[in-house]
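Read off the chains here:
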Amino acid sequence: MMELKIQLVPTGEIILPPGKNGESYCHSCTKLGLKDDSRAAARFLSSVFIFEFESKVFGVAEETRLLLKAVGSDGVRVMMESALTARDRVGVQDFVLLENHTSEVAFIENLRKRFKENLIYTYIGSVLVSVNPYKDLEIYTKQHMERYRGVNFYEVSPHIYAVSDNAYRSMRTERRDQCMLISGESGAGKTEASKKVLQYYAVTCPASEQVQTVKDRLLQSNPVLEAFGNAKTLRNDNSSRFGKYMDIQFDFRGAPVGGHILNYLLEKSRVVHQSHGERNFHIFYQLIEGGEEDLLRRLGLERNTQQYQYLVKGNCPKVSSINDRSDWKLVRKALSVIGFSDDDVEELLNIIASVLHLGNVQFGGEDSGNAYITTDTQIKYLARLLGVDGSVLKEALTHKKITAKGEELMSPLNQEQASSARDALSKAIYGRTFTWLVNKINDSLAFKDDSFSSKNASVIGLLDIYGFEVFQNNSFEQFCINYCNEKLQQLFIELTLKSEQEEYEAEGITWEPVQYFNNKIICDLVEEKFKGIISILDEECLRPGDASDITFLEKLEDTVGGHVHFLSHKLADGKTRKVMGRDEFRLLHYAGEVNYSVNGFLDKNNDLLFRNLKEVMCMSENKILTQCFDREELTDRKRPETTATQFKNSLAKLMEILMSKEPSYVRCIKPNDAKQAGRFDEVLIRHQVKYLGLMENLRVRRAGFAYRRRYEVFLQRYKSLCPDTWPNWDGRLVDGVSTLVKHLGYKPEEYKLGRSKIFIRFPKTLFATEDALEVRKHSLATKLQASWKGYSQKSKYRKLRHSAILIQAWWRGILARRRAQRRRQAADTIRRFIKGFMYRHQPRCPENEYFLDYVRYSFLMKLHRNLPKTVLDKSWPIPPPALIEASEHLRKLCMQNMVWKYCKTISPEWKHQLEQKMVASEIFKDKKDNYPQSVPKLFVGTRLNGEDINPKVLQALGTEKMKYGVPVTKYDRKGYKARARQMLLTGSSVFIVEDTKLKQRIDYSALKGISVSSLSDGMFVLHVPCEDNKQKGDVVLQSDHVIETLTKVAICADKINSININQGSINFTVSQGKEGTIDFTSGSELLIAKAKNGHLSVTAPRLNSR
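So, a few notes on the structure that sits alongside this text. (Residues numbered from 1 in each chain as written. Predicted model: local features only at pLDDT ≥ 70, side-chain atom pairs only at ≥ 80, totals over all residues. Heavy atoms only, no water.)

Along the backbone of the protein chain there are 37 helices and 35 strands. Evaluated residue by residue, the protein chain yields a buried proportion of 51% over its 1106 residues. Looking at the protein chain alone, contacts between residues at least 24 apart form 64% of all its contacts between residues at least 6 apart. Accessible surface for the protein chain amounts to roughly 53800 Å². Of this, 51% is attributable to carbon and sulfur atoms. (Helix = DSSP H or I, 4+ residues; strand = E, 2+ residues; numbered from the N terminus. Buried < 20%, exposed > 50% of the residue type's maximum accessible area, 1.4 Å probe, protein only. Contact = heavy atoms within 4.5 Å. Areas by Shrake-Rupley, 256 points an atom, 1.4 Å probe, with all protein chains shown as cover.)

Think of a sheet as strands paired side by side through backbone hydrogen bonds, with each pair either parallel or antiparallel. Ordered by their spatial adjacency, 7 strands build an open sheet running 5-6-20-7-16-10-11, and the pairing between neighbours is mixed. In the strand order of this sheet, the two ends are held by strand 5 (121–124) and strand 11 (256–264), each with one partner. Direction aside, neighbouring strands of the sheet carry axes that sit 20° apart on average. Two elements, strand 6 (residues 127–131) and strand 20 (residues 662–669), share 4 bridges in a ladder whose sense is parallel. Bridge pairing in strand 20 links Val-129 to Arg-667. Contacts from helix 26 (residues 643–659) reach strand 7 (178–183), strand 10 (243–250), strand 11 and strand 16 (458–464) within the one sheet, and its direction differs from that of strand 11 by about 145°. (Pairing = 2+ DSSP bridges. Axes fitted to C-alpha atoms, helices over the stretch in contact; angles between N-to-C directions.)

Relative to the assigned elements, Pro-223 resides in helix 8 (residues 209–229). The exposure class assigned to Pro-223 is partly exposed, which follows from its relative accessible area of 23%. When the C-alpha positions of Pro-223 and Arg-332 are compared, they lie 9.5 Å apart, and in sequence the two are 109 residues distant. If near-sequence neighbours (up to four positions away) are discounted, Pro-223 is found in contact with Val-331 and Ala-334.

All right, on to the packing of aromatic side chains then. Taken as a whole and judged by the stated rule, the model has 31 aromatic pairs. Taking the centre distance of 6.0 Å and the plane angle of 80° together, the rings of Phe-340 and Trp-436 count as edge-to-face. Taken together, the residues span a long stretch of sequence, with Phe-340 in the loop between helix 12 (324–338) and helix 13 (342–359) and Trp-436 in helix 16 (residues 415–445) at a distance of 96 residues. As far as burial versus exposure is concerned, Phe-340 and Trp-436 are alike and both buried. Between the aromatic rings of Trp-788 and Tyr-791, the centroid separation amounts to 5.0 Å while the plane-to-plane angle is 50°, which identifies the pairing as tilted. You can see Trp-788 and its partner Tyr-791 sitting in helix 31 (residues 763–838), 3 residues apart, about one turn around the helix. Given the relative accessible area of 6%, Tyr-791 is considered buried. Each member of the aromatic cluster is reached from another via a ring pair, and the members are Tyr-140, Tyr-148, Tyr-161, Tyr-168, Tyr-200, Tyr-201 and Phe-250. Its guanidinium or amino end placed over the ring of Trp-726, Arg-776 lies 5.5 Å from that ring's centre, counting from NZ or CZ. The ring of Phe-939 carries the charged tip of Lys-917 above its face, separated from the ring centre by 4.1 Å. (Phe/Tyr/Trp six-rings, centres within 6.5 Å; stacked < 30°, edge-to-face > 60°. Lys NZ or Arg CZ within 6 Å of the ring centre and 35° of its normal.)

Looking at where Glu-584 falls in the secondary structure, it is placed in strand 18 (residues 584–589). One buried charged residue, Glu-584, forms no salt bridge at all, with the nearest opposite charge on Arg-586 at 6.9 Å. Only 3.0 Å separates the side chain of Glu-584 from the backbone nitrogen of Gly-581, close enough to count as a polar contact. Discounting chain neighbours no more than four positions away, the residues touching Glu-584 are Leu-553, Ser-568, His-569, Val-579, Asn-595, Tyr-596 and Ser-597. (Lys, Arg positive; Asp, Glu negative; His and termini not counted. Salt bridge = Lys/Arg side-chain N within 4 Å of Asp/Glu carboxyl O. Polar contact = N/O pair within 3.5 Å; in protein donor to acceptor, adjacent residues only side chain to side chain.)

Ranked by size, the top nonpolar core spans 109 residues in total, and within it Tyr-201, Phe-228, Phe-284 and Ile-429 carry the most contacts. Among the elements that take part in this core, helix 16 stands out by supplying 13 residues, more than any other. Beyond its immediate stretch of four places on either side in the chain, Phe-284 contacts Leu-311, Ile-352, Val-355, Leu-356 and Tyr-430. Phe-107, Cys-484, Leu-495 and Tyr-691 belong to the second largest nonpolar core, which has 89 residues in total. (Core = buried A, V, L, I, M, F, W, Y, C linked by side-chain atoms within 4.5 Å.)

In this section: the sheet that holds strand 23 (residues 757–760). In space, the 3 strands of this open sheet follow the order 21-23-22, with antiparallel pairing throughout. Two strands bound the open sheet, and with one partner strand each, they are strand 21 (707–710) and strand 22 (751–753). For this sheet the average axis-to-axis angle between neighbouring strands, irrespective of direction, equals 15°. Sheet topology places strand 21 next to strand 23; 4 bridges connect them, and they run antiparallel. By the bridge assignment for strand 23, Arg-708 is matched with Phe-759.

For the rest of this paragraph, the subject is the pairing of strand 6. Among the 5 residues of strand 6, 5 are classified as buried, and the element is accordingly described as predominantly covered. Residues of strand 6 alternate between two faces, with Val-127, Val-129 and Val-131 on one and Leu-128 and Ser-130 on the opposite face, all of them buried. Alignment of strand 5 against strand 6, held across 4 bridges, turns out to be antiparallel. In the strand pairing of strand 6, Ile-124 is matched with Val-127. Hairpin remark: strand 5 followed by strand 6, antiparallel, with 2 residues in the connecting loop; positive phi at Gly-125, about 70°.

Inspection of helix 14 (residues 376–386) places Gln-378, Ile-379, Leu-382, Ala-383, Leu-385 and Leu-386 among the buried residues, and these make up the whole buried set. Positive backbone phi, approximately 70°, marks Gly-387, located one or two places after helix 14.

Counting through the fold element by element, Leu-445 comes out in helix 16. Sequence separation between Leu-445 and Ile-261 is 184 residues, and the spatial gap between their C-alpha atoms is 9.1 Å. For Leu-445, the contacting residues outside a window of four places in its chain are Val-214, Arg-217, Leu-218, Val-257, Gly-258, Gly-259 and Ile-261.

Turning our eyes to something else, we now look at the packing of helix 6 (residues 160–174) against helix 7 (residues 190–204). Relative to each other, helix 6 and helix 7 sit at 55°, their axes nearing to 10 Å. Accordingly, the angle class assigned to the pair helix 6 and helix 7 is oblique. Judged by the sense of rotation from one axis to the other, the crossing of helix 6 with helix 7 is right-handed. For the pair formed by helix 6 and helix 7, the contact residues are Ile-160, Tyr-161, Ser-164, Asp-165, Ala-167 and Tyr-168 on the first element and Ala-193, Lys-196, Val-197, Tyr-200 and Tyr-201 on the second. Of the residues in the contact of helix 6 with helix 7, the class split is 8 nonpolar, 1 polar and 2 charged. (Parallel < 35°, antiparallel > 145°, perpendicular 65-115°, else oblique. Left-handed = near helix turned anticlockwise from the far one by under 90°. Nonpolar A, V, L, I, M, F, W, Y, C, P; charged D, E, K, R; others polar.)

Taken together, Arg-818, Arg-819, Arg-822, Arg-823 and Arg-824 make up a surface patch of like positive charges. With respect to the helices, strands and loops of the structure, Arg-818 is situated in helix 31. (Patch = residues over 30% accessible without salt bridge, like charges linked within 9 Å, V, L, I, M, F, W, Y side chains within 5 Å. Charge placed at Lys NZ, Arg CZ, Asp CG, Glu CD.)

Mapped onto the elements, Ser-240 comes out in strand 9 (residues 239–240). A relative accessible area of 16% means that Ser-240 is categorised as buried. Within polar-contact distance, the side chain of Ser-240 engages the side chain of Asn-230 at 3.5 Å. Setting aside chain neighbours within four positions, we find Ser-240 in contact with Thr-191, Gly-229, Asn-230 and Asp-464.

Attention shifts here to the packing of helix 17 (residues 476–507) against helix 28 (residues 694–702). When two helices pack together, you describe them by how their axes are tilted relative to each other and by the distance separating the axes. Running from N to C, helix 17 and helix 28 cross one another at 15°; their axes reach a closest spacing of 10 Å. As judged from the angle between their axes, helix 17 and helix 28 are roughly parallel. Crossing of helix 17 over helix 28 shows right-handed handedness. On the side of helix 17, the interface is formed by Gln-489, Phe-492, Ile-493, Thr-496, Leu-497 and Glu-500, while helix 28 contributes Glu-696, Asn-697, Val-700 and Arg-701.

Before going further, it helps to examine the pattern of salt bridges. Scanning the model with the defined rule gives 46 salt bridges in all. In this structure, the salt-bridge partner of Lys-757 is Glu-503, at a minimum N-O distance of 2.8 Å. Of the two residues, Lys-757 sits in strand 23 while Glu-503 sits in helix 17, which places them 254 residues apart along the sequence. Residues joined in a network through salt bridges with shared partners are Glu-104, Glu-109, Arg-112, Glu-682 and Arg-686.

Residue Pro-727 is bonded to the preceding Trp-726 through a cis peptide linkage, with omega at 5°. With respect to the element layout, Pro-727 can be found in the loop between helix 29 (711–718) and helix 30 (733–744). Not every positive phi belongs to a glycine, and Asp-926 is a case in point at roughly 65°. By the element assignment, Asp-926 lies in the loop between helix 34 (908–924) and helix 35 (931–934). Although it is not a glycine, Asp-995 adopts a positive phi angle of roughly 50°.

Position of Tyr-691 relative to the elements: it lies in helix 27 (residues 682–691). Residue Tyr-691 is classed as buried on the basis of its relative accessible area, which comes to 1%. On a C-alpha basis, the gap between Tyr-691 and Tyr-590 in space is 6.9 Å, while along the polypeptide they are 101 residues apart. When near neighbours in sequence (up to four residues on either side) are disregarded, Tyr-691 contacts Glu-185, Phe-468, Tyr-590 and Ala-591.

That's the geometry; what it means functionally is another story.
Set out below in structure tokens:
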């Protein structure tokens, strides 16, 4: 059976198990007669035949492929490159394969093709270019993470997961620290990219309970840092306003065990001022919108951002893409996960609220020009929240301390100076609190295990830093940011060339020097000691006298005015002066020209805080502020470093960190300024391609060879194009590749053979090879299809035949074993039965127990089959002697059960009927001949209907209710003349009725008895006392329903035991002292007549013999 596992997923794989010698093919191909050429086609198509297609997966277009991958015994997956076959529609997935690699138009067109198909990732060699789609793509699921896990970098579509996994595997296998540099302008998706990297490591890396805690804290540090360090700008609703470098530490198993974060150049000026359409940092809005009422009341805040001066300057309190209330919940949860105590959170929120209150502190001016505070309420809130003395704070905001000749003097401030001092304090409090927050997060991320040394840890660094910025008005912040990007570009070019050169040397390929723009000249212009722009800026900030931004610009013109990358309004020609202000200078960066306005350069560089304000903060009872404002600052007479120098030094340390690691690059691009999905702004993208240095990067990468692959990979993919290498090459790999390329007609200048790889210089050479492979696939597929059909039908027939034989043999064996078993069981049963029969009369013993049990069992089974069905069925099987007593018990139980069941089902009417029948049975059974004939006949309620009885009779009865009526024949006592009468029974009496008259009434109490013969006649006599004057004598009656009639009388009169059944004759009283006799004889028919002897003779047929 062919072992072929097909798994179709967005980048699906067909995985074949390894064959002999590590080959990947179906084991059945050899067993079932596939020829060598067909087997080779099967192996080839299973490992190389790639169908590249673009499909909609989960509603999102993705570069999906049906990859047919062969897994060899060494576990190495053969690389598949199907993107080349769809290059005309979706572009190439590596810019290195662009034919016209020097054309910016071709570069952007390739980006456009891929962006249109929602393919947001593209490579430049090992550099990943990412275009922000401004919509959710279903390409970040756990399934996608597993697809990129442990896979060769070029095996799958470009993705942030591929770069992340490549860095992780390099760290594990080479034991060298890695770093990922994520850059791009605001809104390009840098922060999201860093999140995806962290999520990938959190899901795919090994985990334990302790490791999971670190993973959670690493992930939860993002929402906290975003809340305190991100803000809404014109270009991005979640713009990072600081640079961040995060180290993720891994143990020897590759599990993340710790982390460390470095932050750079927080945009503190945003705390006090925002441009129109922008917002302050997210945390302020989250606190006001999401904070609980009790919390806001405690902090002295209102749920209205318009009440705070620091939040209204941008005139943008609400953003449609931001839900401040839900983000507040995320931040509170994240703080808890990271390890912030309730006290830490309370102190932190006190500081955030105090910044808002500081912004609402207003100043008035005295006649002398001195400032005073007009909002004492805010001072009270500040004193409580910051834990300082309100009067001391109030004085510090309106005065500054001056030291002259060893004496300290308090100099009053004017309104403008007081406002500046207030804003400086706000920026200092927020900036230092942010630094404390980062340090606190670092403490929670630090690995606490003493047995683990951080020196032995492997590290992957993530640099999420602002990209090159060019605005309408560029100031000190843009100057620092662009200087940082110059340094990163310099590092990028150096490391890229270094890695290229190392690969060439390892493969024995002659290194060809690459000409490129070295931006060291620009870096030196900014950072050179004594001559650089930063040095000149620091010197101007420190020199005594009236230093200003304009004097700084003049000194720049004097010092670096002759530099080819520097230009100012004064030094420019007439045409350039029209587009430059007098307070601007221009730097020619690697990415283009940028004009910087010097306004605010000195103040932002100094970033000074009056001494008396520092003293107030050092006296704070807020535990966070006591860490942020060190008392040693008050005694340290050394002037603190300027902002630019601090940034330069931290940048130098960052460069050292990055140089010590193996870098990976992610370049993020923003497709449009409107944040619209599907919109591709070519002008904006061309600008970003330029200042990200992507064309320069591509040119360096293409200066040598555009394509390089290992011999085994190249030969496995293209061997079908040469008869000498098809179906298998048994010699050295390098010889096989050499034979293949010669057959394909490669020219010597088009390729080089290294020690383990082939290097192809031009993409067109590779494309021609790919096109030839596409043609070859059809013939291979036809051959494989024919072989497969034959194999499939043969294997199906053989399988069916083999299965039929197996089933037949198995079934015959089953039948034979069953027959033998039945024979053995039968012989054993007969043997035990005979022995038991021989010992049947002896006490129970092993020899007869089977027989006795069988006898009992047989009787019980026979009884089960022949149980009586009704109460009247008296049949019962004859039990064996040992079960006579048990049989009687069972018989009684069975009868009781049947009776119980029968009684349960009868109705009240039927019950009454049975009760009457029981009385009749008790009186007449086995005593009167016609009783058996009356048993099946139901007794009726009455034999006389209402119309049969004269109304006068009913009227005469009065209140007595008639229970039964029956027509009877009365015989006179003297002449025995028959007379038709009616007999009525009531509750107390028997009435004999003639038409309309009540002829005779006999009370039940006066009824002495009733006599009836044993024959089948209907004659009966009611005996009454002669002493009763109302009664003339006994009453002789005859009824056709004698059994029913007498039963009714017996029940009504309660005379069941007073009915006498006589044989031969009945004597009755004719009158007082005179008796009559009725003689009964058997005959053939019923005759009633007066006999000669004066007796009443009754002849009745005998129906039953007793």
